[in-house]
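Chain by chain, the residues run as shown.
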Amino acid sequence: MKNLLITGGAGFIGSNFIRHILQLKPDVFITNLDALTYAGNLVNLSDLPDSANYEFVHGNINDTKLLKTIFNDKKIDTVVNFAAESHVDRSILNPAAFVETNILGTYSLLNVAHEAWKHRMNSVGGEEFRFHHISTDEVYGSLQPDDTPFNEYSRYDPRSPYSASKASSDHLVRAYHHTYHLPITITNCSNNYGPYQHPEKFIPMMIINAIQGKRLPIYGDGLQVRDWIHVSDHCEAIYRVLLNGLNGATYNLGSGSEHTNLEIAGLICDTLDTLLPNSVGESRQKLLQHIPDRPGHDRRYAMDITFVKENLGWQPAISLTDGIMQTVKWYLEHIHWIEEITKNADFSRWVQLNYDGRDERTI
Ligand code: NAD
Ligand code: TYD
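Residues numbered from 1 in each chain as written. Chains lettered and ligands numbered in written order. Predicted model: local features only at pLDDT ≥ 70, side-chain atom pairs only at ≥ 80, totals over all residues. Heavy atoms only, no water.

Caption draft 1: Quick look at the overall build of the protein. From N to C terminus, the protein includes twelve helices and 14 strands. Relative to a compact globule of 363 residues, whose C-alpha radius of gyration would be 21 Å, the protein shows 20 Å and is just as compact. In terms of its C-alpha atoms, the protein occupies a principal-axis envelope of roughly 70 × 45 × 40 Å. Scored against the burial criterion, the 363 residues of the protein give a buried share of 55%. When the accessible surface of the protein is summed, it comes to about 15,500 Å², and 51% of that surface belongs to carbon and sulfur atoms. Across the protein, the centroid of the 31 positively charged side chains sits 3 Å from that of the 43 negatively charged ones. (Helix = DSSP H or I, 4+ residues; strand = E, 2+ residues; numbered from the N terminus. Rg over C-alpha atoms; globule rule 2.2 N^0.38 Å. Buried < 20%, exposed > 50% of the residue type's maximum accessible area, 1.4 Å probe, protein only. Areas by Shrake-Rupley, 256 points an atom, 1.4 Å probe, with all protein chains shown as cover. Lys, Arg positive; Asp, Glu negative; His and termini not counted. Charge placed at Lys NZ, Arg CZ, Asp CG, Glu CD.)

Caption draft 2: Structural view of the pairing of strand S13 (residues 288-291). Residue alternation in S13 divides its side chains into two sets, Leu 288 and His 290 and Gln 289 and Ile 291, and both sets are buried. Note that strand S8 (residues 216-219) and S13 share four bridges and pair parallel. Counterpart to Ile 218 in the pairing with S13 is His 290. (Pairing = 2+ DSSP bridges.)

Caption draft 3: Structural detail: the site of ligand 2. In the region of ligand 2, 19 residues are neighbours, and Glu 138, Arg 226, Arg 294, His 297 and Tyr 355 sit closest. Pro 217 has a polar backbone atom sitting 2.8 Å from a nitrogen atom of ligand 2. When ligand 2 sits alone it has 510 Å² of accessible area, and the protein chains cover 97% of it. If you list the elements that add at least two residues to the shell around ligand 2, you get helix H6 (202-211) and S8. (Near = heavy atom within 4 Å. Polar contact = N/O pair within 3.5 Å; in protein donor to acceptor, adjacent residues only side chain to side chain.)

Caption draft 4: Examining the sheet that holds strand S5 (residues 130-136) more closely. Strand order across the open sheet formed by seven strands is S3-S2-S1-S4-S5-S6-S11, with parallel pairing between neighbours. Edge positions in the sheet fall to strand S3 (54-58) and strand S11 (250-253), since each has one partner strand and no second. For this sheet the average axis-to-axis angle between neighbouring strands, irrespective of direction, equals 15°. Set on the sheet, helix H1 (residues 12-24) makes contact with strand S1 (3-7), strand S2 (29-34), S3 and strand S4 (78-81); between it and S2 the angle comes to about 175°. (Axes fitted to C-alpha atoms, helices over the stretch in contact; angles between N-to-C directions. Contact = heavy atoms within 4.5 Å.)

Caption draft 5: Representation of the site of ligand 1 in the model. Neighbouring ligand 1 are 28 residues; Ile 13, Asp 34, Ser 86, Tyr 162 and Lys 166 lie closest to it. Interatomic distance of 2.9 Å between a side-chain N/O atom of Asn 60 and a nitrogen atom of ligand 1. In this structure, Tyr 162 approaches ligand 1 through a side-chain N or O atom, which is 2.6 Å from an oxygen atom. When isolated, ligand 1 has an accessible area of 830 Å², and the protein chains bury 97% of it. For the shell around ligand 1, the elements supplying multiple residues, two or more each, are H1, S5 and helix H5 (161-180). A total of three residues in the shell around ligand 1 trace back to one element, the largest contributor, which is S5. Among the residues forming the shell around ligand 1, the class breakdown is 13 nonpolar, 13 polar and two charged. (Nonpolar A, V, L, I, M, F, W, Y, C, P; charged D, E, K, R; others polar.)

Take it as geometry only, folks, not as evidence of what the structure does.
And the structure:
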């Protein structure tokens, strides 16, 4: 790994991953290709140390011409594909963007990577090449309470336009490996949280609204279960897969700690009450408000991480309580970042579209 192409590096996980790599591998040259959609923002990277080994390129993974130039000029030997439309609620309202980026974008990136890899094989020897694709636990569908967690052999059963588009991209990546022998790895990870996550997502939405004393919207009964992992644990797992992952392999990643949305929202309120008691000493749990459920809402996700533990010695290091404490502190210390992201007209339009007008029930 000498010349790394990171796509979607101005988003939540991608920006954390760039920081991770610059710290651990300062000798690697990183090209960050990002279209800067509503979810991508260069303020997510404003604290990057000055590095001659980092370059940002504003562009789209569907732009084949641009991709060819990048692969050629930067002599890319490793791709980490984070670029995606990533929010389930938005996929319900506008599936087209998900097909465009997650399926067609991954396809165009695979094609150019495949050409570049063949070219490298013929010139400098192409063994040192890897296309790493970032995916999600949601491709496996929804678990019943008594089901065992998903492993790498679980059947794909995506249920939202988001998870269907991610499943499709995973299949394309595997197809390029089996058909053309392109060296690939895939990681399917559970729900992430941590610094720089867009406030449309559950945990930052809860933290930011709780800081601002606004209602905390809980979809349906709030008993849906997720396997929350801190983003830095996810980044370390990707790094290990890049270094030592088996060619063609898929690794399931997660924290192994399952919690309902109500438990997570409650933990956030309690953490914030400890760090910043409100003026009248009231618990912020009073702000919780059930609103009508998301259509097709998956009930439970959980990941079996035995394979990655045994094969790569990776396991998550950050407990949920420590991770939430760190994350709430981070948002409190980055009020300017919150203002910067939420002042975007797209965000207020989104809040209006997704939340306002829903029939509200207070608990
Ligand atoms: P994000 O929405 O925060 O960031 C996505 C980034 O991709 C943004 O910077 C955006 O500008 C960029 N992008 C979008 N379309 C693009 C295009 N056509 N060309 C170039 N750039 C484009 O998402 P995230 O939460 O950081 O997720 C990153 C990846 O991880 C996604 O592939 C997602 O499916 C996957 N994933 C996310 C989670 C999670 O909990 N957030 C969990 C598992 C897997
Ligand atoms: P989200 O962060 O959108 O991730 P995903 O749908 O990919 O798991 O949502 C996490 C959970 O939180 C999910 O069960 C939906 C729920 N949720 C709410 O209850 N209220 C909210 O305002 C949001 C954004 C999500």
